[in-house]
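An overview of the molecular structure
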Amino acid sequence: MDPSTVFDERIYLTPNKPRIRKIANRFIDAKVTEDAFYICDVGEIITKHNEWVSQLPRVKPFYAVKCNDSRIVLRTLAGLGVGFDCASKTEIKKVLELEVDPSMIIFANPAKQNSHVRTAAEYNILKMTFDNANELYKIKAYHPSAKLVLRIRCDAEKAQCQLGMKFGVKVEEAPTLLELAKSLGLDVIGVSFHVGSGCMDPPVFDRAIKSSKWLFSVAKEMGFDMNLLDIGGGFPGNRGTSIQEIATVVNGSLAVHFPEGCGVEIIAEPGRFYVAAAFTLITLVHSVREIKGKEEEGENDSFMYYINDGVYGSFNCVVYDHAIVHPETMKRNTGPTYECSIWGPTCDGFDLVCPSEKLPKIKMGEWIMFSNMGAYTIVAAGTFNGFPVPKIHFVASYEAWTTLKEFTSPEEFVTNNIPILMKAGVGYNRDAIGWDRVVGAAGPGSCLTQFEQQAQPVLCESPSGNFSDF
Ligand code: ORX
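Residues numbered from 1 in each chain as written. Predicted model: local features only at pLDDT ≥ 70, side-chain atom pairs only at ≥ 80, totals over all residues.

**Comments concerning the overall build of the protein chain**
When helices and strands are tallied, the protein chain shows 16 helices and 21 strands. Per-residue burial for the protein chain yields a buried fraction of 44% across its 470 residues. (Helix = DSSP H or I, 4+ residues; strand = E, 2+ residues; numbered from the N terminus. Buried ≥ 20, exposed ≤ 12 C-beta atoms within 10 Å, placed from the backbone.)

**A short note on the nonpolar core**
Grouped together as the largest cluster of nonpolar side chains are 127 residues, with contacts concentrated most on Leu148 and Leu150. Sort the elements by how many residues they give to this core and helix H8 (residues 204–222) lands first, with 6 residues. Per-domain counts for this core show at least three residues from each of domain 1 (35–40 + 279–393) and domain 2 (69–270). Beyond its immediate stretch of four places on either side in the chain, Leu150 contacts Phe130, Asp131, Ala174, Leu177, Leu178, Val188 and Val191. (Core = buried A, V, L, I, M, F, W, Y, C linked by C-beta atoms within 7 Å. Domains from an automatic or database assignment. Contact = placed C-beta atoms within 7 Å.)

**Examining the site of the ligand**
Around the ligand, a shell composed of 21 residues is seen, among which Ala64, Ser197, Gly233, Glu269 and Gly271 lie nearest. For the shell around the ligand, the residue count by class is 10 nonpolar, 6 polar and 5 charged. Each of domain 1 (35–40 + 279–393) and domain 2 (69–270) accounts for three or more of the residues forming the shell around the ligand. (Near = placed C-beta within 6 Å. Nonpolar A, V, L, I, M, F, W, Y, C, P; charged D, E, K, R; others polar.)

**A look at unusual backbone geometry**
Of note in this structure, His322 is not a glycine but carries a positive phi near 55°. Assignment of secondary structure puts His322 in the loop between helix H11 (316–320) and strand S15 (327–329). The exposure class of His322 is partly exposed, given the 14 C-beta atoms found within 10 Å. Not every positive phi belongs to a glycine, and Asn372 is a case in point at roughly 55°. Looking at where Asn372 falls in the secondary structure, it is placed in the loop between strand S18 (367–370) and strand S19 (391–397).

**Considering the environment of Ile420**
Tracing the chain through its elements places Ile420 in helix H13 (residues 420–423). Classification of Ile420 by C-beta neighbours within 10 Å gives buried; the count is 22. Along the backbone, Ile420 and Leu13 are 407 residues apart, and their C-alpha atoms lie at a distance of 9.3 Å.

**Examining the pairing of strand S4 (residues 83–86)**
Side-chain alternation along S4 places Gly83 and Asp85 on one buried face and Phe84 and Cys86 on a second face that is also buried. Across 3 bridges, the pairing between strand S3 (residues 59–64) and S4 is parallel. The residue of S4 that forms the bridge with Phe62 is Gly83. A crossover connection joins S3 to the parallel S4 through helix H3 (residues 71–79); in handedness this β-α-β unit is right-handed. Bridge count between S4 and strand S5 (residues 105–107): 3 bridges; the pairing is parallel. The partner of Phe84 across the bridge, within S5, is Ile105. Traced from S4 through helix H4 (residues 89–96) to S5, the parallel crossover comes out right-handed. (Pairing = 2+ DSSP bridges. Right-handed = clockwise from strand over helix to strand, strands pointing away.)

**Comments concerning the environment of Ala381**
Structurally, the position occupied by Ala381 is in the loop between S18 and S19. Separated by 69 residues in the primary sequence, Ala381 and Tyr312 have C-alpha atoms spaced 6.1 Å apart. Not counting chain neighbours up to four residues away, the residues in contact with Ala381 comprise Gly313, Ser314, Asn316 and Val389.

**Side note on the sheet that holds strand S9 (residues 187–192)**
With parallel pairing, 8 strands are arranged side by side around a closed barrel as S3-S4-S5-S6-S7-S9-S11-S12. When strand polarity is set aside, the average angle formed by the axes of neighbouring strands in this sheet is 30°. With 3 bridges connecting them, S3 and strand S12 (residues 265–268) associate as parallel partners. Within S12, the position partnered with Lys60 by the bridge is Ile267. Of the strands in this sheet, S4 and S5 touch H4, which is tilted by about 160° from S4. With respect to the sheet, helix H7 (residues 174–184) is in contact with strand S7 (147–151) and S9, its orientation differing from that of S7 by roughly 160°. (Axes fitted to C-alpha atoms, helices over the stretch in contact; angles between N-to-C directions.)

**Brief notes about the pairing of strand S6 (residues 127–130)**
Taking every second residue as pointing to the same face, both faces of S6 are buried, with Lys127 and Thr129 on one and Met128 and Phe130 on the other. Two strands pair when backbone bridges link them, and S5 and S6 are joined in this way by 2 bridges, in the parallel orientation. If you follow Ile106 over to S6, its bridge partner there is Lys127. A crossover links S5 with its parallel partner S6, the connecting element being helix H5 (residues 114–122), and its sense is right-handed.

**Considering the packing of helix H6 (residues 133–142) against H7**
Viewed as axis vectors pointing N to C, H6 and H7 meet at an angle of 20°, and their least axial separation amounts to 10 Å. Here H7 runs roughly parallel to H6, going by the angle between their axes. Where H6 crosses over H7, the handedness of that crossing is right-handed. Taking contact as the criterion, the partners of Ala133, Leu136 and Lys140 in H6 are, on H7, Leu177, Leu180, Ala181 and Leu184. Its residues placed into classes, the contact of H6 with H7 shows 6 nonpolar, no polar and 1 charged. (Parallel < 35°, antiparallel > 145°, perpendicular 65-115°, else oblique. Left-handed = near helix turned anticlockwise from the far one by under 90°.)

Note that all results are geometric; they support no functional claim without further evidence.
This is the structure in structure tokens:
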């Protein structure tokens, strides 16, 4: 495998659903890197979107960019017609660069810096949340034509990350803020809440929707014409999880409090739901400490494994996101397992990834992988002690490609390690043929059109690194 073909932000296609472990093993065997790396199955994001549409047909998702802002993630979601929840001017600009319409963005950080409000005004981002009086004065000063969404507090009894201690006005105190908004001549168009990230209390959505409904009627009496309900995040995303339980509560509650035809648009701000399962992190065990168990006390040996990503990098999720991560060996192993702990690469004793696991014996130089690493990982990772943030390798099945090609430039796909346009016979030398002309020349009879008419990429023998067996 040619190292220059990995980590290049193109999407590598596989005939069937990508088998991440197998692809990772191929990279490892090819020795393309000694650094930790990610594999992202872009098709997984499409699968999640399909699940959303079927489970919550009335709720339009606005993806929380903070969760994972990789360009391919954002572009895929934009292509699927998903909107975006941005927390800062940088996120706003990042989304706008994808030519997303400003109406598809909500600036959903209740406490905003002046300059960020000005940026929102400059780019015509109208929807923004607030939850205190001073925000209203600020918005009056910098973005008086904003369409405001009042965030109320309604906490899940159990959630991976509680947010209510920081944001959301108590619903009974919300009318005072509405009065202030009215006196300032600001337009409040709706209500939002966030029950907590990683919500483990589905009925909380009913309580929150009910409170929102009450506030809608109060607002109506004050002369506001509210038409937006934002039910926030809280949706699980790991493999094996489902949003069905929450969806049942949400759909039932909406039917009672915001029935179809009531004129209120319902949106949500899912983050981890879309990306958690799509990313797998593969790390190298670069050092092993063996701890001899006391034989006389019947203790077994245990091991400390040192890997090249830790809590200062991707595993910041263990600290900030209260994530519990589990390693898997690269070979499906059914042999005996031993007690072990897994440590990050820095010199800090705090850099502990897994305090206690049972794994087969792992030798120095072997790799281990972690699934469900897409949410709140790479975005918050640093390079403390000089360790790089792992790069991402993107893969997708041909089936996913039939969706992706609708909004992704053909030059971004690779199959059998060959750029897909070359396979379509468009040409090998992009400078000689004038790439722009080729991409734009999708008229009748052009190579591109012929290619696009095909249901799946043409396959041909690859000289090296053939992915077609995955
Ligand atoms: O900011 C944070 O740290 C994380 N915020 C989650 C969040 C989401 C959507 N809208 C707003 C948010 O604050 C305004 C996304 O929700 P979810 O993660 O449930 O998909 C929460 C903490 C993560 N460590």
